[in-house]
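# Report on the structure
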Amino acid sequence: MATEILMPALSPTMEEGTLAKWLVKEGDEVASGDLLAEIETDKATMEFEAVDEGIIGKILVAEGTEGVKVNTAIAIIVEDGEEVGDVAASAPAAPAAAEAEAAPKAVEAAAPASAAPAPQAADGTRIFASPLARRIAADKGLDLAQIKGSGPKGRIVKADVEGATATAPKAAPAAAGAPVVAAPGPSVSSDAIAAMYAGRAYEEVKLDGMRKIIAARLTEAKQTIPHFYLRRDIQLDALLAFRGQLNKQLEARGVKLSVNDFIIKACAIALQQVPDANAVWAGDRVLKMKASDVAVAVAIEGGLFTPVLQDAEMRSLSSLSAQMKDLATRARDRKLAPHEYQGGSFAISNLGMFGIDNFDAVINPPHGAILAVGAGVKKPVVNAEGALGVATVMSVTLSVDHRVIDGALGAELLTAIKDNLENPMSMLA
């Protein structure tokens, strides 16, 4: 019996992906565990294995196709000697047949479903519905795209449309020749925005899966997370001197610690010193984490990753440094596994290496906070004795989710981070 191969969900957040490459062709025999395709998610390109054995009877989605929704049929496996006819006919037909037998004769005499094209959602995705369900929907003025199917593989059947109510009619289109004036905003279509620049030279850059996910998640984060911001200046001279001493001792082992390694360690320890701030937002509750799992933003071509260093408070600086270098390298090659960039309760985004003095970072949900790190620069300072001097000062901003961490608690966390960095030897105690 023919079996559909569905677009897999390769991570908990994956909604769609790109079918980057087929590793089989029609007519190939496959067994459970054989590699079928390479799927590109928003974060990585991963290999997809067969679950059933059989023969690849039909490939439904060509390689290179972007925006393939999870659970969409991408191929059909058949048994030896079995043939695949019309692909559209592979959809389950039993419920539709049963409905047709029970329907009144007047409905049976209606024009067959093949007389009209299969309905599609606004994004072009085919909507699977039985002929009777489509007929009832048309009579009631229902939009099939707004109805969730209860039949096999989401197929819309008679029962789904009988209890549905018609939606408000769409507004009539503007009269021909009427000018369209649109200001940029979330409701303006891409075509309307492009029309504003008619006659101007530009290059249209198509969004890949990663860019789409980044846009969606960060828009959601700024719209739904009540951010507030705490800022401190941190003097780095003691840390830089201590780092120089350690690097001389570690040189024979090929280890070179960066300032970012110390920041990771300082944040991890601070989350243990202020345990109520080591938390994430879980919709209707807050999860207080035991370990300090710290995510670090890594810029890659076309986007960014936030690989997570688990149990960072327990790790040595050299161990954190080595793992961070490995994660960053594999992130740029898009070779990270989902468990390596998911989770964590806190994140660090360091743009100081690019010469940025200070900035505000967007919280990566469900994290409770993110630390934005600026560059260390020489500045005049007044010391404890009131004398004017010069120090290397790094400006940091803590973006905080007010649902998880209140102002005083956030200030306590940032103070702990500052104290750890200004007293680096204490982090080795």
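Residues numbered from 1 in each chain as written. Predicted model: local features only at pLDDT ≥ 70, side-chain atom pairs only at ≥ 80, totals over all residues. Heavy atoms only, no water.

With an omega of 10 degrees, the peptide bond between Pro365 and Pro366 qualifies as cis. Turning to its location among the elements, Pro366 is positioned in the loop between strand E16 (346-350) and strand E17 (369-382). Of note, the phi angle at Asp311 is positive, near 55 degrees, even though the residue is not glycine. Here Asp311 is to be found in the loop between strand E15 (308-309) and helix H9 (317-332). Residue Arg334 is not a glycine yet carries a positive backbone phi of 55 degrees. Position of Arg334 relative to the elements: it lies in the loop between H9 and helix H10 (338-341). (Helix = DSSP H or I, 4+ residues; strand = E, 2+ residues; numbered from the N terminus.)

In this section: the packing of aromatic side chains. Going through the model one piece at a time under the given rule, you end up with 2 aromatic pairs. When the centroid spacing of 6.3 Å and the interplanar angle of 70 degrees are considered together, the rings of Phe242 and Phe262 count as edge-to-face. Here Phe242 is found in helix H7 (residues 237-250), whereas its partner Phe262 is found in helix H8 (residues 259-273), with 20 residues between them in sequence. Among the residues examined, Phe242 registers a relative accessible area of 9% and is labelled buried. (Phe/Tyr/Trp six-rings, centres within 6.5 Å; stacked < 30°, edge-to-face > 60°. Buried < 20%, exposed > 50% of the residue type's maximum accessible area, 1.4 Å probe, protein only.)

Another point: the confidence of the model for the chain. The share of residues in the chain with pLDDT of 70 or more is 81%, and the mean pLDDT across the chain is 82. Throughout residues 86-118 the model reports pLDDT below 50, and contacts reaching past four residues in sequence, or to other chains, amount to 30 contacts. In the predicted structure, residues 168-185 sits below a pLDDT of 50 and forms 6 contacts with residues beyond four places in sequence or in another chain. (pLDDT = per-residue confidence, 0-100. Contact = heavy atoms within 4.5 Å.)

Here the focus is H7. With 14 residues, H7 extends 20 Å between its outermost C-alpha atoms, agreeing within 8% with the 20 Å of an ideal straight helix rising 1.5 Å per residue. For H7, the full list of buried residues reads Leu239, Phe242, Leu246, Asn247 and Leu250. Burial along H7 is one-sided: seen end-on, the buried residues are contained in an arc of 140 degrees. (Expected span 1.5 Å × (residues − 1). Arc of directions from axis to C-beta.)

Taken together, the side chains of Ile193, Met196, Tyr197 and Tyr202 define a hydrophobic patch exposed on the protein surface, amounting to about 390 Å² of accessible area. Within the element layout of this structure, Met196 appears in helix H5 (residues 190-196). Met196 gets classed as partly exposed once you look at its relative accessible area, which sits at 33%. (Patch = residues over 30% accessible without salt bridge, like charges linked within 9 Å, V, L, I, M, F, W, Y side chains within 5 Å. Areas by Shrake-Rupley, 256 points an atom, 1.4 Å probe, with all protein chains shown as cover. Salt bridge = Lys/Arg side-chain N within 4 Å of Asp/Glu carboxyl O.)

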